[in-house]
2 protein chains.
Amino acid sequence: MAADLPAFGFSRKARRTVTQPINYLLQVALGREDVISFAVGLVDQESLPAAEVKDLAEGLLSDEQVGRASLQYGSTEGLSELRRAIAEHAAALDGLKPEQLGIGPHNVVVSSGSQQLLYIITDVLVDPGDIVIAEWPGYFVYTGVLASTGAEVRCVEMDEDGMRIDALAAALEDIRRAGQLHRVKVVYTCDYCQNPTGITLSRARREQMLDVVRAYSTEHRICIIEDAAYRELSVDSPPPPSIKSFDRDNAQVVLAQTFSKPFAPGLRSGYAVLPDDLIGPVLDQKAVHDFGSSNFAQHLLLRAMRTGAYAEHVELLRRRYRAKRDAMLSALAGELGDFEPTATRWTRPGGGLYVWLTLPEWMDTGKDGALFAQALREGVVYLPGEFCYGPDRQRRIPTNHMRLTFGTVCEPAIREGIARLARAIRKTADEAGPPRSAPARQDAER
Amino acid sequence: MAADLPAFGFSRKARRTVTQPINYLLQVALGREDVISFAVGLVDQESLPAAEVKDLAEGLLSDEQVGRASLQYGSTEGLSELRRAIAEHAAALDGLKPEQLGIGPHNVVVSSGSQQLLYIITDVLVDPGDIVIAEWPGYFVYTGVLASTGAEVRCVEMDEDGMRIDALAAALEDIRRAGQLHRVKVVYTCDYCQNPTGITLSRARREQMLDVVRAYSTEHRICIIEDAAYRELSVDSPPPPSIKSFDRDNAQVVLAQTFSKPFAPGLRSGYAVLPDDLIGPVLDQKAVHDFGSSNFAQHLLLRAMRTGAYAEHVELLRRRYRAKRDAMLSALAGELGDFEPTATRWTRPGGGLYVWLTLPEWMDTGKDGALFAQALREGVVYLPGEFCYGPDRQRRIPTNHMRLTFGTVCEPAIREGIARLARAIRKTADEAGPPRSAPARQDAER
């Protein structure tokens, strides 16, 4: 009977929304235990807090009254005591009290991972055709949000200090001259150990970013979304203060953080600290999405924060991720230190999960290219850099980068995986080689 | 500094989305322990499965490997074994095997409550100005979804057998004649113990609904969203088969169910069984919303289904809700049986959480009316019926109904609350009385 029926009539939004590329990469290595995957940004499996959550659940559910309350519906904004703890925690990361940030528990909204808030905040600000400014390269799931909302994406170059503020100002000035400033709604930055590059925005640029965005907030207020998902996984010296910390009247910056990276993704809980006038529209939207995230998970996390289990776990993770990052950086130096040294480079992240590897421009890291296939034959997968560039119509997507995740792989496998990757790179380079008209050295100097 | 800044520029969607009325009602009784609330559709607190979930969590997290897996990211569609169990469970409720419904695990998507899927499915089908057909009265949170998507809402009358199929066919025929059939995307029904009336769609009408919607699926396929949230809380004889069970080629009906009502809302897990060609667009959308719901909750629920804890708990709930429903119906008969008997009536739900009370038309149940205020003085709140009618521009919202929830209140409080409500009704009627020009008896005959 279905054969007689016409197709469903899909909405414009459904037709705009693209399938996330990561699905493809998950498939590639699925069921192949011999393949080492640097592709998928899961967290370290071994350190997931199973014993801790068991204790937390037992404590929570042994108290009949609180236990039952945790299994009842919660509120759209989230558990009130947890929001209080989050306001204090977020401020404390900047060495401040919530009042010094101009925030209180009512500025905190708990969500299903921070992703849900990135989506909702964008959705309440951006109409199709509005402009969102993002990093180049940037976080590809947020790029998916932008495609879904129909935003026009303008990307801003990064260097080793993060988004270039001169380039941000130039982009805004271009837009202003074109009379299109009213269409700019959001500046998005993943500013700690960025996905995909691992780069942290420098301290100086944080205040500058806020100043520039304020200066161009003439038609309406432009929202900075500070996606600080990897902030608590900073493993070297303390990371710089948040952009939010310079927004002392809580007017311009949404600070989005998560319990996924520093505790347990399976609890699917994140949060944002919002300016007052965004709270109502965001909660109205969340009310129709799901009228509130898991109350049980929120009770567990509140307990984790109160007992100190959360803080202890973050310390443990920092030690683990530091060792893994160091293993990847030293393997890269050992295996690729002498490969086209003027054109090959990689980032040295201060934490997080990612290293960004740049190869000579004549090498193609794309999923349909020779290197990706060779790497798979060697038994290693990476995330082709091409997936990490937003749909900025003014730019050409480079094809000589890759994202390497050290989060999921144990240290011996990191060393083995980088050795495999280096073999694949050398073999592919030997077979293809630099184009004769543009030798590698010249390429590197461009 | 915020004072110098202009306002944020909100999207059309943000401006369309309304604040859920339930927030107001939650506030009304907040912190007043003396008030008995029949207003808010939470579930029975006493029977929340704290001990069961404690055992499930302990079992799950004692197995280090599975425990850690449950705390890692899951997939966008949900845990594969759980989706298999859900496909079997949903089919078994109709006495069928999944194959007989033309479904498999890949047709199941797990979400943050069934609400999230109601939202996403509507969002992938409905553009602003498209038409959604819903019940009159209907589920007000879904009405919020419709406002948010910008749908034009057409409502169809109900009687004691649920949505009237003749009225549905007439509405579709009107739309067809107006050349607007291409705009009809969804027919939404809450078909078991409906929110707000408690009415269950009769068996005969289920097949008829599918036939009518198929007959009008000429421009494109119209999707029936069968919101079966209260299905497993049917407490009398077995409820009729799902509308989905007549859709044997799995082409037209989305069956949405939840773990909230029959197990624990705090785990915030629901699901839908989808036709093949809706899966991709729904998952693409869910991937940008949150790339998957809580993996930990899904592992707990899988364990609950496998150990039998889920089935046992549903049986327990049925006994409890049957007793509560009976308490409310007998209190209503005792307290209001002689009040304007030709104009006053209430539904006798076969389960779920709600009774729908109709008063004489000259009585105003609205939140700003005399009765609501009097009821609050007596120490009882109800949900004014006016909140339960979608924005159908062709209709006038009646103001003489109320929804009474027996889910949250224990039996003695049900009896006391109905006594208070009856006092409030009688006092308000005595003070206002029927308009002299339209005595009560006439009103009742209209």
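Residues numbered from 1 in each chain as written. Chains lettered and ligands numbered in written order. Predicted model: local features only at pLDDT ≥ 70, side-chain atom pairs only at ≥ 80, totals over all residues.

Quick look at the overall build of chain A
Along the backbone of chain A there are 15 helices and 14 strands. Reported as C-alpha extents along the three principal axes, the dimensions of chain A are approximately 70 × 65 × 55 Å. When burial is assessed residue by residue, chain A has 57% of its 446 residues classed as buried. Taking all contacts inside chain A whose residues are at least 6 apart in sequence as the whole, residues at least 24 apart take part in 76%. (Helix = DSSP H or I, 4+ residues; strand = E, 2+ residues; numbered from the N terminus. Buried ≥ 20, exposed ≤ 12 C-beta atoms within 10 Å, placed from the backbone. Contact = placed C-beta atoms within 7 Å.)

Concerning the sheet that holds strand 13 (residues 383-384) of chain A
Residues and elements named next belong to chain A. Read across the sheet, 4 strands follow the order 10-11-14-13 without closing on themselves; strand pairing throughout is antiparallel. A strand with exactly one partner marks an edge of an open sheet, and here the two such strands are strand 10 (345-346) and strand 13. In the sheet, strand 11 (residues 354-358) pairs with strand 14 (residues 401-405) via 5 bridges, with the strands oriented antiparallel. Considered in strand 14, the bridge of Tyr354 is made with Thr405. (Pairing = 2+ DSSP bridges.)

What to know about the domain arrangement of chain A
Size of an interface: often given as the accessible area lost when the parts come together. Residues and elements named next belong to chain A. When its domains are assigned, chain A resolves into domain 1 (11-47 + 313-445) and domain 2 (50-309). The C-alpha-based centres of domain 1 and domain 2 are spaced at 27 Å. Listed as interface residues are 34 residues of domain 1 and, on the opposing side, 36 residues of domain 2. For the side of domain 1 that touches domain 2, the elements supplying multiple residues, two or more each, are helix 1 (12-16), helix 12 (309-336) and strand 11. (Domains from an automatic or database assignment.)

A short note on the relation of the copies chain A and chain B
Expressed as a screw transformation, the operator carrying chain A onto chain B has a rotation angle of 180° and an axial translation of 0.0 Å, and the superposed copies differ by an RMSD of 0.0 Å. Expressed as a symmetry operation, the mapping of one chain copy onto the other fits a two-fold axis. (Least-squares fit on C-alpha atoms with pLDDT ≥ 70 in both.)

A closer look at the interface of chain A and chain B
Listed per partner, the contact involves 78 residues of chain A and 78 residues of chain B. Sorting the residues of the side of chain A that touches chain B by element identifies helix 1, helix 3 (50-62), helix 4 (64-71), helix 6 (113-125), helix 7 (140-149), helix 10 (276-289) and helix 11 (295-307) of chain A as the ones contributing at least two each. Of the residues forming the side of chain A that touches chain B, the biggest block, 8 residues, is contributed by helix 10 of chain A. For the side of chain A that touches chain B, the class distribution of residues is 37 nonpolar, 25 polar and 16 charged. (Nonpolar A, V, L, I, M, F, W, Y, C, P; charged D, E, K, R; others polar.)

With respect to the packing of helix 5 (residues 80-93) of chain B against helix 11 (residues 295-307) of chain B
Residue and element names in this part refer to chain B. The geometry of helix 5 relative to helix 11 is characterised by a closest axis approach of 9 Å and an angle of 45° between their N-to-C directions. By the criterion of interaxial angle, the relationship of helix 5 to helix 11 is oblique. Crossing geometry of helix 5 relative to helix 11 is assigned as left-handed. In this structure, helix 5 uses Glu81, Leu82, Ala85 and His89 to contact helix 11, whose residues at the interface are Gln298, Leu301, Leu302 and Met305. Classifying every residue of the contact of helix 5 with helix 11 by side-chain character gives 5 nonpolar, 2 polar and 1 charged. (Axes fitted to C-alpha atoms, helices over the stretch in contact; angles between N-to-C directions. Parallel < 35°, antiparallel > 145°, perpendicular 65-115°, else oblique. Left-handed = near helix turned anticlockwise from the far one by under 90°.)

Let's talk about the packing of helix 12 of chain A against helix 14 (residues 411-432) of chain A
Residues and elements named next belong to chain A. For the pair helix 12 and helix 14, the least separation of the axes is 9 Å and the interaxial angle reads 30°. With respect to their mutual orientation, helix 12 and helix 14 come out roughly parallel. The crossing of helix 12 and helix 14 is right-handed. Two secondary-structure elements touch here, helix 12 through Ala323, Lys324, Ala327, Met328, Ala331, Leu332, Glu335 and Leu336 and helix 14 through Glu411, Ile414, Arg415, Ile418, Ala419, Ala422 and Ile425. Grouping the amino acids of the contact of helix 12 with helix 14 by side-chain chemistry returns 11 nonpolar, no polar and 4 charged.

What about unusual backbone geometry?
All names here are of chain B. Residues Trp136 and Pro137 are joined by a peptide bond in cis, for which omega reads 5°. Inspection of the secondary structure assignment puts Pro137 in the loop between strand 3 (131-136) and helix 7 (140-149). A cis amide bond links Asn195 to the next residue, Pro196, at an omega of 20°. Assignment of secondary structure puts Pro196 in the loop between strand 6 (184-189) and helix 9 (203-215). A positive phi is found at Cys193, a non-glycine position, where the angle reads about 45°. As for its position among the elements, Cys193 is in the loop between strand 6 and helix 9.

Focus: the sheet that holds strand 11 (residues 354-358) of chain B
If you trace the 4 strands from one edge of the open sheet to the other, you get 10-11-14-13 (chain B), paired in antiparallel fashion. Of all the strands in the sheet, just strand 10 (345-346) and strand 13 (383-384) of chain B have a single pairing partner and so form its edges.

Here's the deal with helix 9 of chain B
Residues and elements named next belong to chain B. Its 13 residues place the ends of helix 9 19 Å apart at the C-alpha level, agreeing with the 18 Å of an ideal helix rising 1.5 Å per residue. Within the span of helix 9, buried status applies to Arg205, Arg206, Met209, Leu210, Val212 and Val213. For helix 9, the angular spread of the buried residues around the axis is 165°, confining them to a single face. Within helix 9, the exposed residues directed more than 90 degrees away from the buried face are Arg203 and Ala204. Here the buried face of helix 9 lies against strand 5 (162-163), helix 8 (165-177), strand 6, strand 7 (223-227) and strand 8 (253-258). (Expected span 1.5 Å × (residues − 1). Arc of directions from axis to C-beta.)

A word on the environment of Ser47 of chain A
All names here are of chain A. Among the secondary structure elements, Ser47 is positioned in the loop between strand 1 (36-37) and helix 3. Each C-alpha atom, one on Ser47 and one on Leu316, is 8.0 Å from the other, the two residues being 269 residues apart in sequence. In this view, Ser47 contacts Leu316, Leu317 and Arg320; residues no more than four positions away in its chain are not counted.

Some details on the environment of Cys388 of chain B
All names here are of chain B. Within the secondary structure, Cys388 sits in the loop between strand 13 and strand 14 (401-405). With 250 residues separating them in the primary sequence, Cys388 and Gly138 have C-alpha atoms 5.5 Å apart. Sequence-distant contacts of Cys388, defined by excluding residues within four places in its chain, comprise Pro137, Gly138, Phe140, Pro196 and Arg403.

A short note on the pairing of strand 4 (residues 152-159) of chain B
Residue and element names in this part refer to chain B. Relative to strand 4, strand 3 runs parallel, the two sharing 6 bridges. In the strand pairing of strand 4, Trp136 is matched with Glu157. Handedness of the crossover is the feature at issue here: the chain leaves strand 3, passes through helix 7, returns alongside strand 4, and the resulting connection is right-handed. Sheet analysis places strand 4 next to strand 5, joined by 2 bridges and oriented antiparallel. Along strand 5, the bridge assignment pairs Met158 with Met163. Counted between consecutive antiparallel strands, the loop separating strand 4 from strand 5 contains 2 residues. (Right-handed = clockwise from strand over helix to strand, strands pointing away.)

Describing the pairing of strand 11 of chain A
Residue and element names in this part refer to chain A. Of all 5 residues in strand 11, 4 are buried; the element is thus mostly enclosed. Where strand 10 and strand 11 come together, 2 bridges link them in antiparallel fashion. The partner of Arg345 across the bridge, within strand 11, is Thr358.

Concerning helix 4 of chain A
Within the sequence span of helix 4 of chain A, burial applies to Gly67, Arg68, Ser70 and Leu71 of chain A. All buried residues of helix 4 of chain A project into a common sector of 155° when viewed along the axis, lining one side. Next to the buried residues of helix 4 of chain A lie helix 3 and helix 11 of chain A together with helix 3 (50-62) of chain B.

A look at the confidence of the model for chain A
Interpreting fine coordinate detail is not advised for predicted regions of low pLDDT. Residue and element names in this part refer to chain A. Mean pLDDT for chain A: 93, with 95% of residues reaching 70 or above. Low pLDDT (under 50) marks residues 438-446, which in the prediction has 16 contacts with non-local residues, meaning those over four places away or in another chain. Both scores are available for the predicted complex, with the pTM at 0.95 and the ipTM at 0.94. (pLDDT = per-residue confidence, 0-100.)

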